[in-house]
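# Residue-level structural notes
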Amino acid sequence: MTHRKTLAILVGGGPAPGINSVIGASTIRAALEDVEVLGIEDGFEWLMQGNVEHVRPLTIEGVSRIHFRGGSFIGISRANPTTAPEFIENTLLALLRLDVSQLITIGGDDTAYSAIRLAERATGRMQIVHVPKSIDNDLDLPPNVDTFGYQTARHHGAEIVKNLMVDARTTSRWYFVISMGRKAGHLALGIGKAAGATLTLIPEEFERRPIQLRTLVDTLVGAILKRLSYGRRDGVAVIAEGVVLGIDPQDLAHLEDVERDTHGNVRIDEVNIGEILKREVQRHLRDFGIKTTVVAKNIGYELRCADPIPFDMEYTRDLGYCASKYLIEGGDAAVVTLQGGHFMPIPFHQLLDAETGRARIRMADIHSTRYAIARRYMIRLRRDDFEEPHELAKFAAAAGKSTARTTPVSRTDLPPQWSTTEEGSK
């Protein structure tokens, strides 16, 4: 007689639309093969303490309709078993005590790293696969492969920005929209480009580090002045929250005191970058005699547990099906992906950065055509704007300044962020 297999599913990190679709499809596919399925509640939180009481059986009847809803049917947490060797050992032993022979982890780069280390510790005693989720879209998958949840988050984010653009036009104000995106700017760029926001700022574009707060402020002030020179007092800037991590600590002295999560990441929501930028931009605009209403708004929590759009519902059900099928057929130690409509497992070791030993992060490609097009449609001051007399006269009028100079405007007189690499939008 063969021992009946038990498959466990757990979710780590932050929520993302489509989690329940993965849980449901994985459960159904496994149950049809007479594999028992357990839902591990609250990610690694209890397992890493050796606690095996927070589990629940998953059945076809219980999960058959959960794919329509956001959130996580079995809970979630950012508990990190890689912070100490005993936590990894506790996690492995707890799963073995539950008679788990196969494990599906659902999460982003941190959860992927935990799955990789757990697989190394298991030494073949357990098969483990990881299903990549993140509204940030920052796990290092092939360029044409999104992490699930990103498209739904972008969809709802673009709807929010669309409404803010109407409000901004109606009330003649600016919105600074701080978008989730702790390490990369994919979500901010996707939202800003889809909605046609006035401009978008992402961490990847600031190649010189650390980023000076004044650089961000000058970029926003320049956009507001340029927009004003065209007779518009309104606008929406989408700013990836990750830019705060690149700011010079001297500009944000309190950053060191901000609470960090279990993976050592700064809790960016504790750094109110929107209000900081609002205050500094308004202060600089007053130097030009311009009074502008600016509203800072964070978006992200509204997106993470949204019901998935049909794209993510289908995509995640496919991922869940493939995860269980791969395990049942003997697969192990891989990330589950769909590439060109075909299942393609990526071995865990290919996901690791050779220098850091951690899962690699996929950054937005600022040298791509996609990004170049996004920049063309943004309102930003460029250095060559100051070389065209008609444009310069409009900017000077908007800023209440004279264009009179004894020498032509030099490129060295201008902030480096007023780039010449994009044509911009009029």
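Residues numbered from 1 in each chain as written. Predicted model: local features only at pLDDT ≥ 70, side-chain atom pairs only at ≥ 80, totals over all residues. Heavy atoms only, no water.

Within the secondary structure layout, V236 lies in strand 8 (residues 235-240). Its relative accessible area of 2% is what places V236 among the buried residues. In the structure, V236 is positioned 12 residues away from I224 in sequence and 9.8 Å away in space, judged by C-alpha atoms. Ignoring sequence-local partners within four residues, the contact set of V236 consists of V161, L164, M165, A168, W174, Y175, V177, A197, T198 and L199. (Helix = DSSP H or I, 4+ residues; strand = E, 2+ residues; numbered from the N terminus. Buried < 20%, exposed > 50% of the residue type's maximum accessible area, 1.4 Å probe, protein only. Contact = heavy atoms within 4.5 Å.)

Here the focus is the sheet that holds strand 7 (residues 199-201). Overall, parallel pairing links the 4 strands, which are arranged 7-8-6-9 in an open sheet. Since the sheet does not close on itself, it has two edges, and those belong to strand 7 and strand 9 (294-299), each with one partner. On average, adjacent strands in this sheet sit at an angle of 20 degrees to one another, irrespective of strand direction. Both strand 6 (residues 174-179) and strand 9 contribute to a ladder of 6 bridges, which runs parallel. (Pairing = 2+ DSSP bridges. Axes fitted to C-alpha atoms, helices over the stretch in contact; angles between N-to-C directions.)

In the contact formed by helix 6 (residues 186-195) and helix 12 (residues 369-376), the axes pass within 10 Å of each other and the chain directions differ by 50 degrees. The angle between the axes of helix 6 and helix 12 places the two elements in the oblique class. The crossing of helix 6 and helix 12 is left-handed. Across the interface between the two elements, L189, G190 and K193 of helix 6 pack against R370, Y371, I373 and A374 of helix 12. Looking at side-chain class alone, the contact of helix 6 with helix 12 contains 4 nonpolar, 1 polar and 2 charged residues. (Parallel < 35°, antiparallel > 145°, perpendicular 65-115°, else oblique. Left-handed = near helix turned anticlockwise from the far one by under 90°. Nonpolar A, V, L, I, M, F, W, Y, C, P; charged D, E, K, R; others polar.)

Another point: the sheet that holds strand 11 (residues 342-347). The 7 strands lie next to each other as 3-2-1-4-5-10-11, forming an open sheet whose pairing is mixed. For this open sheet the edge positions go to strand 3 (55-57) and strand 11, each flanked by a neighbour on one side alone. If you compare each strand with its neighbour and ignore which way they point, the axes differ by 30 degrees on average. The pairing of strand 1 (residues 6-11) with strand 4 (residues 102-107) spans 5 bridges and is classified as parallel. In the sheet register, A8 faces strand 4, and the bridge partner there is L103. The strands touched by helix 1 (residues 19-31) within the sheet are strand 1, strand 2 (36-40), strand 4 and strand 5 (127-132), with strand 1 carrying the most contacts at an inclination of about 180 degrees.

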